[in-house]
Amino acid sequence: MSSKKTLDHSQAASVFNKDEARVNWHDETLWFVREKRDRSANQIADWELLRETASKIKNNVLSNIHDYLVQFEEKALENGIVVHWAADGKEHNEIVHSILQKHNVKQMVKSKSMLTEECHLNDYLAEKGIEVIDSDLGEYIVQLRKEPPSHIVLPAIHLKKEDVSETFHEHLGTEKGNFNPQYLTESARHSLRNTFLTRKAALTGVNFAIAETGEFVVCTNEGNADMGAHLADVHIASMGFEKLIPQRKHLGVFLRLLARSATGQPITTFSSHFKKPRDGKEIHIVIVDNGRSTQLGREDFRNSLKCIRCGACMNTCPVYRRSGGHSYHNAVAGPIGSILAPNLDMSKNADLPFASTLCGSCTNVCPVKIDIHDQLYKWRQVLVKEGHTPASKTIAMKTMAAVLANPTVFNIAGKSGRFVMKNIPAMVNNKMNKWYDQREMPEVPEESFREWYKKNSRESKAKDNE
């Protein structure tokens, strides 16, 4: 793991914002995906009913999670799947490593799994001398660049085709300056083909696990999860326990929502069911807690566990679109990541709930109706009360609270502020005041709203008495 100091969100966003053209492109690209989501959703007459149904199914799961986990384990064991339980990321990594050791595996192919990013599996296995190749195209690109994914569905969305061309030229020997997406994709396919054919072990994530049948479903657009799992002798699936749904019939609800919310597609290209290992093969599933039980016990934040990792909240978020996924210094970025991360480490992730305008667009597009912007607001309250905000911000907020609580002080402060802004603007508009970094000084009003209201109320009453 790198010892490099992690920048907080605003600092990292400032770095990203130095390239204005890229920021604008990033913003427009993600908004294009959001518009595709809207068009796709509007083609379904019962879209809101689907969202409400999915939300209620997930609420049922979270309220009865123990029973569903026991049921899933029983059915999975009957199917011949080996079930493992991991309390945290460290235990998850140790379990995966023990399986690979047992089979003398030194190289593993992996499809997209945000849980393994959360647990830092790749780094852990690298330290143990095991090579992991990410087979999702976006994940493969950022892995070659030694970068984390910046988006849970579009891992390399922060990169342009020119960036990919340079990366492939350096690592795969492709033609320098060839930016053709088809050529680049074909080059990656040829590079990965031997990986699929020679790896004895493959790891996938889990999109949905069905308690009723003990099977799990992996959704991809590239088929890389299937290639890895079907060609390998050992298939390991990493799953956060919240991925459960009660019955197979419920799967249709979520599959109709997932791809439309993520990319605007009617359905993912591959929705693959894994239920029983083939003869001579093994399937292991590692069910992970890693703070989920704690989040489940937080009444204000338990709904965040409904998340199906579609990324719709990122695509619509004005802050994410213009600050980039890496500014969130967490496996899951954007609005949903900002309510999941403080649960894991309040001190480290205290900045993230403040990286929001609280506009509510994230909540409006969430396919399972998570109250994301409300939770961001509530996290801010928790973090302030727990003392996890900077001293300067805490003092400023307490000062503001005292001013707003006293009408006399509020009036004096307002008059003083207007006087300073009008007569000594440099005291306000300077480098010390971050508010003015990207803003112009507003026109100073001659009077406060309170003064205007009182004056106009008197004039209105005088006219009524004439």
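Residues numbered from 1 in each chain as written. Predicted model: local features only at pLDDT ≥ 70, side-chain atom pairs only at ≥ 80, totals over all residues. Heavy atoms only, no water.

### Remarks on the overall build of the protein
Under the convention used in this document: Elements are defined by DSSP. Helices are runs of H or I of four residues or more, strands are runs of E of two residues or more, and each kind is numbered from the N terminus. Only protein chains enter the accessibility calculation, which uses a 1.4 Å probe; a residue is then buried when its area is under 20% of its type maximum, exposed when over 50%, and partly exposed in between. Here, two residues are considered to be in contact whenever any of their heavy atoms come within 4.5 Å of each other. The charged-residue count follows a simple rule in which Lys and Arg add positive charge and Asp and Glu add negative charge, with His and chain termini not counted at all. Note that the charge is assigned to NZ on lysines, CZ on arginines, CG on aspartates and CD on glutamates.
When helices and strands are counted, the protein shows 21 helices and ten strands. Each of the three principal axes of the protein carries a C-alpha extent, and together these read 95 × 55 × 45 Å. Across the 466 residues in the protein, those meeting the buried criterion constitute 50%. Within the protein, counting contacts between residues at least 6 apart in sequence, those at least 24 apart form 73% of the total. Once the 62 positive and 57 negative side-chain charges of the protein are each reduced to a mean point, those two points are 2 Å apart.

### Notes on the packing of helix α9 (residues 161–172) against helix α10 (residues 181–198)
Applicable threshold: Axis angles are defined between N-to-C directions and span 0 to 180 degrees, where every axis is a line fitted to C-alpha atoms and, for a helix, only to the segment in contact. For any pair of crossing helices, the crossing counts as left-handed if the nearer helix is rotated counterclockwise from the farther one by less than a right angle, and right-handed if it is rotated clockwise. In this classification, Asp, Glu, Lys and Arg are treated as charged, Ala, Val, Leu, Ile, Met, Phe, Trp, Tyr, Cys and Pro as nonpolar, and every other residue, Gly included, as polar.
The contact between α9 and α10 brings their axes to 11 Å, and the two run at 35°. For the pair α9 and α10, the sense of crossing is left-handed. Residues Lys161, Val164, Ser165, Phe168 and Leu172 of α9 lie in contact with α10, whose contacting residues are Leu184, Ser187, Ala188 and Ser191. Residue composition of the contact of α9 with α10, grouped by class: five nonpolar, three polar and one charged.

### Points about helix α1 (residues 9–16)
Selection criterion: Throughout, the arc means the angular range of directions from the helix axis out to the C-beta atoms.
The set of residues buried in α1 consists of His9, Ala12, Ala13 and Phe16. The arc that holds the buried residues of α1, viewed along the axis, is 100°, so those residues lie on one side. The secondary structure elements touched by the buried residues of α1 are α2 (20–42) and α15 (318–323).

### Quick look at α2
Each α-helix winds once per 3.6 residues, and so residues spaced three or four apart point in a common direction. Note the following rule: Given a helix with a known number of residues, its expected span is that number minus one, times 1.5 Å.
For α2, built from 23 residues, the straight-helix expectation of 33 Å at 1.5 Å per residue is met to within 8% by its first-to-last C-alpha distance of 33 Å. The complete set of buried residues in α2 reads Val23, His26, Asp27, Leu30, Val33, Arg34, Arg37, Asp38, Ser40 and Ala41. Of the surrounding elements, those touching the buried residues of α2 are α1, α3 (47–63), α12 (251–262), α14 (312–316), α15 and α17 (361–365).

### Quick notes on the domain arrangement of the protein
Quick reminder of the rule: Domain delimitation follows an automatic or database domain assignment.
Each assigned domain of the protein is listed here: domain 1 (7–32 + 301–389), domain 2 (44–290) and domain 3 (393–465). Distance between the C-alpha centres of domain 1 and domain 3: 30 Å.

### Observations concerning unusual backbone geometry
Unlike most non-glycine residues, His120 shows phi in positive territory, near 60°. Positionally, His120 belongs in the loop between α6 (114–119) and α7 (121–127). Looking at His120, the relative accessible area reads 41%, which means it is partly exposed. In this structure, Lys146 takes a positive phi of about 55° despite not being glycine. Following the sequence through the fold, Lys146 ends up in the loop between α8 (137–144) and α9. In this structure Lys146 comes out as exposed when scored by relative accessible area, which is 74%.

### Some thoughts on the sheet that holds strand β8 (residues 244–245)
Defined as follows: Two strands are said to pair when DSSP picks up at least two bridges between them.
In space, the four strands of this open sheet follow the order β8-β5-β6-β9, with mixed pairing throughout. Each edge of the sheet is formed by a strand with only one pairing partner; in this case those strands are β8 and β9 (270–274). In this structure, strand β5 (residues 208–210) lies alongside strand β6 (residues 215–220), joined through three bridges in antiparallel fashion. From the neighbouring strand, Ala209 faces β6, where its bridge partner is Phe216.

### A few points about the sheet that holds strand β2 (residues 107–110)
With parallel pairing, six strands are arranged side by side in an open sheet as β1-β10-β7-β4-β2-β3. The open sheet has two edge strands, β1 (82–86) and β3 (131–134), and neither has a second partner. Put simply, the sheet's adjacent strands are angled 25° from each other on average, direction ignored. On top of the sheet, helix α4 (residues 65–78) reaches β1 and β10 (282–288); it is set at about 145° to β1, its chief contact.

### Description of the pattern of salt bridges
Using the following cut-off: Only one rule defines a salt bridge in this text: a Lys or Arg side-chain nitrogen within 4 Å of an Asp or Glu carboxyl oxygen.
Summed over the entire model, instances satisfying the criterion amount to 25 salt bridges. One salt bridge in this structure joins Arg322 and Asp27, with 2.9 Å as the shortest N-O distance. Of this pair, Arg322 sits in helix α15 while Asp27 sits in helix α2; the two residues are 295 residues apart in sequence, bridging distant segments of the chain. You can call Arg322 partly exposed: its relative accessible area is 31%. Judged by its relative accessible area of 14%, Asp27 falls in the buried class. The shortest N-O distance in the salt bridge between Arg292 and Glu242 comes to 2.7 Å.

### Some points on the pairing of strand β7 (residues 234–240)
Counting buried residues along β7, seven of its seven residues qualify, which places the element largely inside the surrounding structure. Of the two faces of β7, the one lined by Val234, Ile236, Ser238 and Gly240 and the one lined by His235, Ala237 and Met239 are each fully buried. In terms of strand pairing, strand β4 (residues 201–204) meets β7 through four bridges, oriented parallel. Paired with Ala201 across the strands is Val234, a residue of β7. Two elements, β7 and β10, share seven bridges in a ladder whose sense is parallel. Across the sheet, the residue bridging to Ile236 is His284, located in β10.

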